[in-house]
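# Fold and contact review
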Amino acid sequence: MDDKKKAFYVNLGSREISQLRDGNNDVFKIEATEEDMFRLRQVLNEVFDSDERSFWRAHVPYRHYSQDMDNDEYDSNMRKAYQMIYEFGDEETRKFIKEIGMTDDEQEGTVYGEEDPLA
(Lines give C-alpha, C1' and ligand atoms only; values in the text may rest on other atoms or scores of the structure.)
Protein backbone atom coordinates (compact mmCIF):
# COMPACT_ATOMS: atom_id res chain seq x y z
CA MET A 1 0.00 0.00 0.00
CA ASP A 2 0.99 3.61 -0.51
CA ASP A 3 2.65 5.03 2.63
CA LYS A 4 2.33 8.61 1.42
CA LYS A 5 -0.01 10.76 3.49
CA LYS A 6 -2.82 12.55 1.72
CA ALA A 7 -5.42 15.09 2.79
CA PHE A 8 -8.85 13.70 3.62
CA TYR A 9 -12.05 15.34 4.77
CA VAL A 10 -14.17 13.57 7.37
CA ASN A 11 -17.76 14.09 8.51
CA LEU A 12 -18.66 11.79 11.42
CA GLY A 13 -22.36 12.61 11.16
CA SER A 14 -22.62 11.19 7.67
CA ARG A 15 -19.63 8.84 8.20
CA GLU A 16 -18.10 10.31 5.05
CA ILE A 17 -14.40 10.21 4.21
CA SER A 18 -13.36 11.98 1.02
CA GLN A 19 -10.28 13.36 -0.69
CA LEU A 20 -12.50 15.98 -2.32
CA ARG A 21 -13.88 18.89 -0.33
CA ASP A 22 -17.56 19.18 -1.12
CA GLY A 23 -20.57 20.52 0.72
CA ASN A 24 -20.32 19.83 4.42
CA ASN A 25 -17.90 16.90 4.26
CA ASP A 26 -15.04 18.96 5.68
CA VAL A 27 -15.91 18.95 9.37
CA PHE A 28 -12.45 17.51 10.05
CA LYS A 29 -9.35 17.72 7.89
CA ILE A 30 -6.74 15.02 8.36
CA GLU A 31 -3.51 13.82 6.76
CA ALA A 32 -3.31 10.04 6.57
CA THR A 33 -2.20 7.09 4.48
CA GLU A 34 -4.59 4.87 2.53
CA GLU A 35 -4.08 2.17 5.19
CA ASP A 36 -5.01 4.64 7.95
CA MET A 37 -8.18 5.51 6.03
CA PHE A 38 -9.04 1.84 5.68
CA ARG A 39 -8.76 1.45 9.47
CA LEU A 40 -10.86 4.58 10.06
CA ARG A 41 -13.47 3.29 7.59
CA GLN A 42 -13.65 0.03 9.59
CA VAL A 43 -14.25 1.98 12.80
CA LEU A 44 -16.95 4.09 11.14
CA ASN A 45 -18.63 0.92 9.89
CA GLU A 46 -18.61 -0.37 13.48
CA VAL A 47 -20.17 2.95 14.57
CA PHE A 48 -22.93 2.46 11.98
CA ASP A 49 -23.59 -1.14 13.05
CA SER A 50 -23.76 -0.33 16.76
CA ASP A 51 -25.90 2.75 16.03
CA GLU A 52 -28.39 0.63 14.13
CA ARG A 53 -28.57 -1.94 16.94
CA SER A 54 -29.07 0.78 19.54
CA PHE A 55 -31.88 2.26 17.42
CA TRP A 56 -33.84 -0.96 17.73
CA ARG A 57 -33.09 -1.16 21.45
CA ALA A 58 -34.52 2.33 21.89
CA HIS A 59 -37.96 0.86 21.24
CA VAL A 60 -37.75 -1.26 24.39
CA PRO A 61 -39.24 1.10 26.99
CA TYR A 62 -38.00 -0.62 30.15
CA ARG A 63 -34.33 -0.71 29.15
CA HIS A 64 -32.42 2.48 29.96
CA TYR A 65 -29.65 3.85 27.72
CA SER A 66 -27.05 3.52 30.46
CA GLN A 67 -27.77 -0.20 30.79
CA ASP A 68 -27.35 -1.15 27.16
CA MET A 69 -24.31 -2.89 25.68
CA ASP A 70 -25.10 -1.66 22.14
CA ASN A 71 -25.03 1.96 23.29
CA ASP A 72 -21.79 1.34 25.18
CA GLU A 73 -20.33 -0.15 21.99
CA TYR A 74 -21.53 2.85 19.96
CA ASP A 75 -19.93 5.25 22.46
CA SER A 76 -16.69 3.28 22.46
CA ASN A 77 -16.54 3.18 18.65
CA MET A 78 -17.21 6.93 18.41
CA ARG A 79 -14.42 7.54 20.90
CA LYS A 80 -12.09 5.40 18.75
CA ALA A 81 -13.06 7.39 15.67
CA TYR A 82 -12.44 10.72 17.41
CA GLN A 83 -9.08 9.50 18.71
CA MET A 84 -8.02 8.38 15.22
CA ILE A 85 -9.14 11.68 13.71
CA TYR A 86 -7.25 13.52 16.45
CA GLU A 87 -4.11 11.51 15.68
CA PHE A 88 -4.24 12.39 11.97
CA GLY A 89 -5.89 15.79 12.25
CA ASP A 90 -4.66 19.25 11.45
CA GLU A 91 -4.25 21.85 14.21
CA GLU A 92 -7.89 23.02 14.06
CA THR A 93 -9.19 19.44 14.19
CA ARG A 94 -6.98 18.54 17.15
CA LYS A 95 -8.00 21.69 19.02
CA PHE A 96 -11.71 20.97 18.60
CA ILE A 97 -11.45 17.31 19.59
CA LYS A 98 -9.40 18.23 22.66
CA GLU A 99 -11.98 20.89 23.64
CA ILE A 100 -14.84 18.39 23.57
CA GLY A 101 -12.89 15.97 25.77
CA MET A 102 -12.47 13.14 23.30
CA THR A 103 -8.73 12.90 23.93
CA ASP A 104 -9.27 11.96 27.58
CA ASP A 105 -9.35 8.34 28.65
CA GLU A 106 -12.84 7.04 29.17
CA GLN A 107 -13.65 6.79 32.86
CA GLU A 108 -16.21 4.36 34.23
CA GLY A 109 -19.13 6.14 35.89
CA THR A 110 -18.66 9.47 34.12
CA VAL A 111 -20.46 11.28 31.32
CA TYR A 112 -18.38 13.94 29.53
CA GLY A 113 -15.98 13.96 32.50
CA GLU A 114 -18.74 14.54 35.05
CA GLU A 115 -20.17 11.98 37.48
CA ASP A 116 -22.92 9.95 35.80
CA PRO A 117 -26.17 10.74 37.68
CA LEU A 118 -27.60 7.36 36.63
CA ALA A 119 -24.66 5.26 37.85
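Residues numbered from 1 in each chain as written. Predicted model: local features only at pLDDT ≥ 70, side-chain atom pairs only at ≥ 80, totals over all residues. Heavy atoms only, no water.

## Points about the overall build of the protein chain
Along the protein chain, the regular secondary structure elements total 3 helices and 5 strands. The order of α-helices and β-strands along the protein chain, N terminus first, is β-β-β-α-α-α-β-β. Relative to its full complement of 119 residues, the protein chain shows a buried share of 32%. A total of about 8,300 Å² of accessible surface is found on the protein chain, and carbon and sulfur atoms cover 48% of it. (Helix = DSSP H or I, 4+ residues; strand = E, 2+ residues; numbered from the N terminus. Buried < 20%, exposed > 50% of the residue type's maximum accessible area, 1.4 Å probe, protein only. Areas by Shrake-Rupley, 256 points an atom, 1.4 Å probe, with all protein chains shown as cover.)

## Some points on the side chain of T33
Topologically, T33 is positioned in the loop between β3 (28–32) and α1 (34–57). Residue T33 is classed as buried on the basis of its relative accessible area of 11%. Among the polar contacts made by the side chain of T33, one reaches the side chain of D36 at a distance of 3.0 Å. (Polar contact = N/O pair within 3.5 Å; in protein donor to acceptor, adjacent residues only side chain to side chain.)

## Concerning the pairing of strand β1 (residues 6–11)
Of the pairings in the sheet, the one linking β1 to β3 comprises 5 bridges and is antiparallel in character. Note that in β3 the partner of F8 across the bridge is I30. Sheet analysis places β1 next to strand β2 (residues 16–18), joined by 3 bridges and oriented antiparallel. Residue V10 lies in a different strand from β2, and its bridge partner there is I17. In this antiparallel pair of consecutive strands, β1 and β2, the connection spans 4 residues, and R15 shows a positive phi of 55°. (Pairing = 2+ DSSP bridges.)

## A look at the side chain of D36
With respect to the helices and strands, D36 occurs in helix α1. For D36, a relative accessible area of 10% gives the class buried. In this structure the side chain of D36 is engaged in a polar contact, spanning 3.1 Å, whose partner is the side chain of R39. For D36, the residues in contact, after removing those within four places along its chain, are M84 and F88. (Contact = heavy atoms within 4.5 Å.)

## So, unusual backbone geometry
Here the phi dihedral of R15 falls at roughly 55°; this positive angle occurs in a residue that is not glycine. Position of R15 among the secondary structure elements: in the loop between β1 and β2. We classify R15 as partly exposed; its relative accessible area is 22%.

## Concerning the sheet that holds β2
Ordered by their spatial adjacency, 3 strands build an open sheet running β2-β1-β3, and the pairing between neighbours is antiparallel. Since the sheet does not close on itself, it has two edges, and those belong to β2 and β3, each with one partner. Strand-to-strand twist of the sheet, defined as the mean angle between neighbouring strand axes without regard to direction, takes the value 30°. (Axes fitted to C-alpha atoms, helices over the stretch in contact; angles between N-to-C directions.)

## Overview of the environment of Y9
Structurally, Y9 is set in strand β1. The class of Y9 is buried, set by a relative accessible area of 10%. As for Y9 and N25, which are separated by 16 residues in sequence, their C-alpha atoms are 6.1 Å apart. Apart from the residues lying within four places of it in its own chain, the contact partners of Y9 are E16, I17, S18, Q19, L20, R21, N25, D26, F28 and K29.

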